[in-house]
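So you can see what is in the structure, the chains are spelled out below.
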Amino acid sequence: MAQDPQTILDREPMSALQWRVVAVMVGLNALDGFDVLSISFASPGIAKSWGIDRAALGLVLSMELIGMAVGSLLLGRIADRIGRRATILSCLLVMTAGMLGAATAHNVQILSGWRFFTGLGIGGMLASTNAAVAEAANARRRALCVILMAAGYPLGTIIGGSIAAVLLHYHGWQSVFVFGAIASASFIPVVLLAAPESIAFLVHKRPPDALDRINRLLARMGHAPVDALPDAPDTRRNAPLADLFSPMLARRTIMLTLAYLTHIMTFYFILKWIPKIVVDMGYAPSAAAGVLVWCSTGGAAGALLLGLLTARVRVLPLTLVAMAASVALVILFGRGGSDLASLSMVAAAAGFATNAGVVGLYALVARAFPTGLRATATGFVIGIGRGGSALAPALAGLLFAAGQALPMVAVLMSLGSAIAVLALLALVGRPVEAH
């Protein structure tokens, strides 16, 4: 009788339950995608209603990114202590309350506060879902499943953006946040019913009923029970963050964090500013939301293609190629288009490259750290990255306010992906996968 449940999961084909957990996490990441970009869909209406300039709007666009940074750092560590499932449920409650609060805001300060609060939940969700997917998948499908989860992000902006375009046509900007609150609340019963705690976490933390819970999960997956758990892993609690900078992990922690921080700045410049840029070109807010949907469609395609290619090519070189393409396509986006159709196609191409780079980084992070540090590492990388990336919308807003034209702003903001390429090149030829 096999004694290591994780070994069973790693070597056996994935069961329906495992794929169902992955599907739920894809849906949660789609929800994150819409919740993050809800402010982008609403921003033209907010600017018009309150008469705020681009510099002030850039600060509002950054607030949930700051919240995401704090949430990723704090709640990522909590997910390694209380579990992925409990953390996800808590984050859904925070996101629901935050979206409802944003819908009732009547000035920039209150809206910024609610967006920061919403960001706390989104940041914790990202750290938890990344770890949950990596632990639900078997060894063969792990990279693919993490990439599929990350592909949920643009999927959420496609579906949510399409709905937002309709809502904005008939209602005010507040309707976007109301829809986000309803969607967030709807996922609570889904997680309760379809996403049990991961076996890897139960093996690592060993609650009193761990063996019974693990055997029930193994039975649901079609596997024989185990009669005992393997030797307990090292469960030291004295500063797990310091463990990320141990001799074995320090280089990958630093370089993956730097790559994520800089590339995500380029990514969020595109996502956050497309609606306002398109409206300033003379198009309606609903048309601007449509361009953002095209950008997200390209992002979803980039994520799926990268996922398929991982069956034949290692994730690291694929991510490097995506980021290099991101530099060129963001610069091309900055040159604009002659009409809405051409602008949409350029936005789709830029979304393809930038999001492929992001999901490649998620896959690298999920594979680079052991179970006991996985959510903490993901939270650290995402937290530091999102903290820095919060500067992206504000920086672009200040550049616009200072009189810089879109082509120059796009060139400057594309440098984030270029720096990320250099950071990942430092990992070429070195092991970047924990076993």
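Residues numbered from 1 in each chain as written. Predicted model: local features only at pLDDT ≥ 70, side-chain atom pairs only at ≥ 80, totals over all residues. Heavy atoms only, no water.

Trainee: Hey, could you go over the overall build of the protein chain for me, with residue numbers and the actual values?
Mentor: From N to C terminus, the protein chain includes 17 helices and zero strands. Relative to a compact globule of 435 residues, whose C-alpha radius of gyration would be 22 Å, the protein chain shows 21 Å and is just as compact. Seen through its C-alpha atoms, the protein chain measures out along the principal axes to roughly 70 × 45 × 35 Å. The 435 residues of the protein chain split such that 57% are buried. Positive and negative charge centroids in the protein chain, built from 30 and 19 side chains respectively, lie 4 Å apart. (Helix = DSSP H or I, 4+ residues; strand = E, 2+ residues; numbered from the N terminus. Rg over C-alpha atoms; globule rule 2.2 N^0.38 Å. Buried < 20%, exposed > 50% of the residue type's maximum accessible area, 1.4 Å probe, protein only. Lys, Arg positive; Asp, Glu negative; His and termini not counted. Charge placed at Lys NZ, Arg CZ, Asp CG, Glu CD.)

Trainee: Give a description of the packing of aromatic side chains that names residues and reports values.
Mentor: Applying the stated criterion across every chain yields a total of eight aromatic pairs. Here a set of aromatic residues connected by ring pairs shows up, and it is made of Trp50, Trp173 and Phe177. (Phe/Tyr/Trp six-rings, centres within 6.5 Å; stacked < 30°, edge-to-face > 60°.)

Trainee: Go over the nonpolar core with me, naming the residues and quoting the values.
Mentor: Membership of the largest hydrophobic core comes to 136 residues, with the highest contact counts inside it found for Met25, Phe269 and Leu424. Residue contributions to this core peak at 16 residues, all from helix 2 (residues 16-50). In this structure phenylalanine 269 touches Val330, Ala396, Leu406, Val409, Ala410 and Met413, once residues within four positions along its chain are discounted. (Core = buried A, V, L, I, M, F, W, Y, C linked by side-chain atoms within 4.5 Å. Contact = heavy atoms within 4.5 Å.)

Trainee: Lay out a nonpolar patch on the surface in plain terms, naming residues and giving numbers.
Mentor: On the surface, a nonpolar cluster with roughly 280 Å² of combined accessible area is contributed by Leu305, Leu309, Val313 and Phe352. By secondary structure assignment, the location of valine 313 is in the loop between helix 12 (285-309) and helix 13 (315-334). Its relative accessible area of 34% is what places valine 313 among the partly exposed residues. (Patch = residues over 30% accessible without salt bridge, like charges linked within 9 Å, V, L, I, M, F, W, Y side chains within 5 Å. Areas by Shrake-Rupley, 256 points an atom, 1.4 Å probe, with all protein chains shown as cover. Salt bridge = Lys/Arg side-chain N within 4 Å of Asp/Glu carboxyl O.)

Trainee: How would you sum up empty space enclosed by the protein? Please name residues and give values.
Mentor: This model, assessed by the stated rule, comprises three cavities of 30 Å³ or more. Estimates place the volume of the largest cavity at around 150 Å³. Elements with a minimum of two residues in the lining of the largest cavity: helix 2, helix 4 (84-104) and helix 5 (108-136). Residue contributions to the lining of the largest cavity peak at four residues, all from helix 2. (1 Å grid on protein atoms, 1.4 Å probe; cavity = no way out; pocket = protein on both sides within 12 Å on 5 of 7 lines; lining within 4 Å. Points joined across faces, edges and corners; volume = space filled by probe spheres on them.)

Trainee: If you had to explain the side chain of asparagine 29 to someone new, which residues and values would you point to?
Mentor: By the secondary structure assignment, asparagine 29 is in helix 2. Side-chain polar atoms of asparagine 29 contact the backbone oxygen of methionine 149, separated by 2.8 Å. What asparagine 29 contacts, discounting residues up to four positions off in sequence, is Leu126, Met149, Ala150, Gly152 and Tyr153. (Polar contact = N/O pair within 3.5 Å; in protein donor to acceptor, adjacent residues only side chain to side chain.)

Trainee: Any details on the packing of helix 6 (residues 142-170) against helix 12? Residues and values, ideally.
Mentor: Between two packed helices, both the angle of their axes relative to each other and the distance between the axes serve to describe the pair. The contact between helix 6 and helix 12 brings their axes to 8 Å, and the two run at 165°. Taken as axis vectors, helix 6 and helix 12 run roughly antiparallel relative to one another. For the pair helix 6 and helix 12, the sense of crossing is left-handed. Across the interface between the two elements, Leu144, Ile147, Leu148, Ala151, Pro154, Thr157, Ile158, Gly161, Ser162 and Ala165 from helix 6 touch Ser286, Ala289, Val293, Ser296, Thr297, Gly299, Ala300, Ala303, Leu304, Leu306 and Gly307 from helix 12. Residue classes in the contact of helix 6 with helix 12 are distributed as 13 nonpolar, eight polar and no charged. (Axes fitted to C-alpha atoms, helices over the stretch in contact; angles between N-to-C directions. Parallel < 35°, antiparallel > 145°, perpendicular 65-115°, else oblique. Left-handed = near helix turned anticlockwise from the far one by under 90°. Nonpolar A, V, L, I, M, F, W, Y, C, P; charged D, E, K, R; others polar.)

Trainee: Please provide a residue-by-residue account of the pattern of salt bridges, values included.
Mentor: Within the structure shown, the criterion is met by five salt bridges. Glutamate 135 is paired through a salt bridge with arginine 84; the nearest N and O atoms lie 2.5 Å apart. With glutamate 135 in helix 5 and arginine 84 in helix 4, the pair connects residues that are 51 residues apart, well separated along the chain. Assessed through its relative accessible area of 2%, arginine 84 is described here as buried.

Trainee: So what's going on with the environment of isoleucine 270? Which residues, and what values?
Mentor: Note that isoleucine 270 resides in helix 11 (residues 250-280). For the pair isoleucine 270 and isoleucine 163, spaced 107 residues apart in sequence, the C-alpha separation works out to 20 Å. Those residues within four positions of isoleucine 270 in sequence are excluded, and the remaining contacts are Cys295, Val330, Phe333 and Ala350.

Trainee: If you had to explain the confidence of the model for the protein chain to someone new, which residues and values would you point to?
Mentor: Here the protein chain averages 84 in pLDDT, while 94% of its residues score no lower than 70. Ranking the helices and strands of the protein chain by mean pLDDT puts helix 7 (residues 174-194) first, with 94, and helix 10 (residues 240-243) last, with 72. (pLDDT = per-residue confidence, 0-100.)

Trainee: Any chance you could break down the side chain of threonine 87 for me, citing the residues and the numbers?
Mentor: With respect to the secondary-structure elements, threonine 87 resides in helix 4. Residue class for threonine 87 comes out buried when judged on its relative accessible area of 3%. For threonine 87, the residues in contact, after removing those within four places along its chain, are Leu75, Ile78, Ala79, Ile82, Gly124 and Ser128.

Trainee: Could you give an account of the environment of glutamine 6, naming the residues involved and the relevant values?
Mentor: One can find glutamine 6 in helix 1 (residues 5-11). With relative accessibility at 17%, the residue glutamine 6 sits in the buried group. Discounting chain neighbours no more than four positions away, the residues touching glutamine 6 are Glu135, Arg142 and Ala200.

Trainee: Any chance you could break down the packing of helix 4 against helix 5 for me, citing the residues and the numbers?
Mentor: Closest axis-to-axis distance for the helix 4/helix 5 pair is 8 Å, and the angle between their directions is 155°. Taken as axis vectors, helix 4 and helix 5 run roughly antiparallel relative to one another. Considering how the two elements wind past one another, helix 4 and helix 5 form a crossing that is left-handed.

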